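# Understanding the architecture of this molecule
This is what each chain is made of:
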Amino acid sequence: MDLGIAGKRALVCASSKGLGLGCAEALAAAGVDLVMNARGSDALGSAAERIRAEHGVQVQTVACDVTTADGQSQVIEAAQGVDILVTNAGGPPPGLWSDWDRDDFIKALDANMLTPIAFMKALLPAMMDNGWGRVVNITSQSVRAPIAVLGLSNAARTGLTGYVAGTSRQVAPYGVTINNLLPGIHATDRADALDSGVAAQKDISVDEARAERAATIPARRYGTRQEFGAACAFLCSKNAGFIVGQNILLDGGATNLTM
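Reference entry: report on the structure contained in this document.

What counts as what
Residues numbered from 1 in each chain as written. Predicted model: local features only at pLDDT ≥ 70, side-chain atom pairs only at ≥ 80, totals over all residues. Heavy atoms only, no water. Helix = DSSP H or I, 4+ residues; strand = E, 2+ residues; numbered from the N terminus. Rg over C-alpha atoms; globule rule 2.2 N^0.38 Å. Buried < 20%, exposed > 50% of the residue type's maximum accessible area, 1.4 Å probe, protein only. Contact = heavy atoms within 4.5 Å. Areas by Shrake-Rupley, 256 points an atom, 1.4 Å probe, with all protein chains shown as cover. Core = buried A, V, L, I, M, F, W, Y, C linked by side-chain atoms within 4.5 Å. Salt bridge = Lys/Arg side-chain N within 4 Å of Asp/Glu carboxyl O. Phe/Tyr/Trp six-rings, centres within 6.5 Å; stacked < 30°, edge-to-face > 60°. Lys NZ or Arg CZ within 6 Å of the ring centre and 35° of its normal. Pairing = 2+ DSSP bridges. Axes fitted to C-alpha atoms, helices over the stretch in contact; angles between N-to-C directions.

Here the focus is the overall build of the protein chain. Broken down by element type, the protein chain carries eight helices and seven strands. Its C-alpha radius of gyration of 18 Å places the protein chain within 12% of the 18 Å reference for a compact globule of 259 residues. On the principal axes, the C-alpha backbone points of the protein chain span a range of 55 × 40 × 40 Å. Expressed as a percentage of its 259 residues, the buried residues of the protein chain come to 46%. Considering only intrachain contacts with a sequence separation of at least 6, the fraction spanning at least 24 residues in the protein chain is 73%. Here the protein chain displays about 12,000 Å² of accessible surface, and carbon together with sulfur accounts for 53% of that area.

Time to look at the nonpolar core. Within the largest apolar cluster, 34 residues are counted, with the highest numbers of intra-cluster contacts made by Ile5, Leu27, Leu34, Met36, Ile51 and Ile84. Listed by contribution, the elements that provide at least two residues to this core are β1 (9-12), α1 (18-29), β2 (33-38), α2 (41-55), β4 (84-87), β5 (133-138) and α8 (225-235). The leading source of residues in this core is α1, at seven residues. With residues near it in sequence (within four places) discarded, Leu27 still touches Ile5, Ala10, Val12, Val32, Leu34, Ile84, Val86, Ala233 and Cys236.

In this section: the pattern of salt bridges. Applying the stated criterion across every chain, the model contains twelve salt bridges. Of the charged contacts, one joins Arg225 and Glu25 as a salt bridge, the two residues approaching to 2.9 Å between their closest N and O atoms. Here Glu25 lies in helix α1 and Arg225 lies in helix α8, a separation of 200 residues in the sequence. Since its relative accessible area comes to 27%, Arg225 is described here as partly exposed. With relative accessibility at 11%, the residue Glu25 sits in the buried group. Where Glu212 meets Lys202, a salt bridge forms, and the shortest distance between an N and an O atom there is 2.9 Å. Highlighted residues: Glu212 in helix α7 (residues 206-214) and Lys202 in helix α6 (residues 189-202), separated in sequence by ten residues. The class of Lys202 is partly exposed, set by a relative accessible area of 47%. Connected through salt bridges with shared partners, the residues Asp192, Asp195, Asp207, Arg210 and Arg213 form a single ionic network.

Taken as a whole and assessed by the stated rule, the structure comprises one aromatic pair. Relative to Phe105, the ring of Trp100 has its centre 6.2 Å away and its plane inclined at 85°; by these criteria the two rings are edge-to-face. Overall, Phe105 belongs to the partly exposed group, its relative accessible area being 32%. The ring centre of Trp132 lies 4.3 Å from the NZ or CZ of Lys8, which sits over that ring.

It is worth spelling out the sheet that holds β5 at this point. An order of β3-β2-β1-β4-β5-β6-β7 is seen for the seven strands of this open sheet, with the pairing classed as parallel. Either end of the sheet is taken by a strand with one partner, and the two such strands are β3 (59-63) and β7 (247-250). On average, adjacent strands in this sheet sit at an angle of 15° to one another, irrespective of strand direction. Looking at chain direction, β5 and strand β6 (residues 176-183) are connected through six bridges and run parallel. In the sheet register, Arg134 faces β6, and the bridge partner there is Thr177. Packed onto the sheet, helix α5 (residues 151-171) meets β5, β6 and β7 and runs at close to 155° relative to β6.

Written as C-alpha cells, this is what we have:
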C-alpha cells in the first residue's frame, strides 16, 4: 500500500529504542524525513545512522529530556514545520495507590500528559495552515481498562486522552488528524523492566515471568516494535484522513472489551 507520505517530515519522540523506534523506522521506510529525539545520545545516534543508511532519508537528532522546559524548546525549534508528530514518553513506575504523593503525580502528568500537549500546541498551527497534518500519541491500553499497579500512568494518560478527544475535532476541518495508539505488552525495555519486577516479587526467573504474562494475552505473545510502527505509519498516511480522535488498541486481544 502506498502511504502517500514520501517527502513529508516527522518528529518522533523517544525514538532511539522500543515503540518510538518502530514508528521512526516505519515512517522512514515510507520516505519520511525525521527529527528523532531521545535522552541518550549514543543510542539515538546509532539508530539515526542506521535509518539513514537503510532508507536514504534525512534524519536530525535532538538528544534531551522532553519533560523539561529546555528539552521541549530544543525539540520544538528543530521540528518547526513538521507534517507529522508522534509523541511518546516512558511510563512512570508501578506501585500501589498508597505509594504516591503529589510530586509523583506531577512528574507523571509532566511526562505523559503535559509534554504531548505542549508539542501539539507548538506544532499544530503550522499543520493547520498547510491544510494537512498527522498526530499520533503513544499512550497505553490502560486508558481503556486501568491497570491497578500503574495508577500514575492510568491517570496521566487518561488526561491526555480527554484532551485529544476535544482537540482532534477542532483541528479536523483543517486536514489535521489526531489519534492515539494504545499499546499492550510489546517486547521493549519497558516490558523487560516490568517482568523483572514481577520476577523479583514472585522469586521466579524473568523468562518465567514473561511466559506467565504472555499466557494472559489471546495472541499468546508480546507485540513487536515493527507491528506497532506499521500501525503508526498507517495513521500518518494519506489513507487515514477520516480517522479522527480514535483510541486504537494494539494489545493482542488482552483488553477484554466489547467496544
